[in-house]
Amino acid sequence: MVRRLYGSAELQERLRVSRARVVQITSRPDFPEPFDRLAGGAVWLVEDVEMWITEHRPHQARDADPDAR
């Protein structure tokens, strides 16, 4: 099983927000916990982030994009 991860840069691109806004969003209590914390920063499972987007930013949810899963 291949695990897909988002780091801060991927979240910036996916959510179309600034680096500072990613810090704000990932600090929210309702944002998923990081899958792991590496020397380069935290990483999140794509599935967890996409579920959060579906619930909290439905206008940005992906339905048919295979890269989102």
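The structure we're discussing is the one just above.
Below is a summary of the structure that appears in this document. (Residues numbered from 1 in each chain as written. Predicted model: local features only at pLDDT ≥ 70, side-chain atom pairs only at ≥ 80, totals over all residues. Heavy atoms only, no water.)

Some remarks on the overall build of the protein chain
Okay, step 1: Each helix and strand in the protein chain was counted, giving 3 helices and 3 strands.
Okay, step 2: Going from N to C terminus, the protein chain has its helices and strands arranged as β-α-α-β-β-α.
Okay, step 3: Among the 69 residues that make up the protein chain, the fraction classed as buried is 32%.
Okay, step 4: Taking the contacts inside the protein chain whose residues are at least 6 apart along the sequence as the reference set, 52% of them involve residues at least 24 apart.
Okay, step 5: Carbon and sulfur atoms form 50% of the exposed surface of the protein chain, whose accessible area is close to 4,900 Å². (Helix = DSSP H or I, 4+ residues; strand = E, 2+ residues; numbered from the N terminus. Buried < 20%, exposed > 50% of the residue type's maximum accessible area, 1.4 Å probe, protein only. Contact = heavy atoms within 4.5 Å. Areas by Shrake-Rupley, 256 points an atom, 1.4 Å probe, with all protein chains shown as cover.)

Examining the packing of helix 1 (residues 8-15) against helix 2 (residues 19-26)
Okay, step 1: Relative orientation of the contacting elements helix 1 and helix 2 amounts to 100°, with a least axis distance of 9 Å. By the criterion of interaxial angle, the relationship of helix 1 to helix 2 is roughly perpendicular. Taken together, the residues of helix 2 that come into contact with helix 1 (itself represented by Ser-8, Leu-11, Gln-12 and Leu-15) are Arg-19, Val-22, Ile-25 and Thr-26.
Okay, step 2: Classifying every residue of the contact of helix 1 with helix 2 gives 4 nonpolar, 3 polar and 1 charged. (Axes fitted to C-alpha atoms, helices over the stretch in contact; angles between N-to-C directions. Parallel < 35°, antiparallel > 145°, perpendicular 65-115°, else oblique. Nonpolar A, V, L, I, M, F, W, Y, C, P; charged D, E, K, R; others polar.)

A closer look at the packing of aromatic side chains
Okay, step 1: For the structure on display, the rule yields 2 aromatic pairs.
Okay, step 2: Aromatic pair Phe-31 and Trp-44: ring centres 5.8 Å apart, planes at 80°, arrangement edge-to-face. With Phe-31 in the loop between helix 2 and strand 2 (36-38) and Trp-44 in strand 3 (residues 41-45), this pair connects stretches of sequence that are 13 residues apart.
Okay, step 3: For Phe-31, a relative accessible area of 4% gives the class buried.
Okay, step 4: A ring pair is formed by Phe-31 and Trp-52, whose centres lie 4.9 Å apart and whose planes are at 65°; its orientation type is edge-to-face. One end of the pair, Phe-31, is in the loop between helix 2 and strand 2; the other, Trp-52, is in helix 3 (residues 46-56), with 21 residues separating them in the sequence.
Okay, step 5: Looking at Trp-52, the relative accessible area reads 4%, which means it is buried. (Phe/Tyr/Trp six-rings, centres within 6.5 Å; stacked < 30°, edge-to-face > 60°.)

Just geometry here; none of it tells us what the structure is for.
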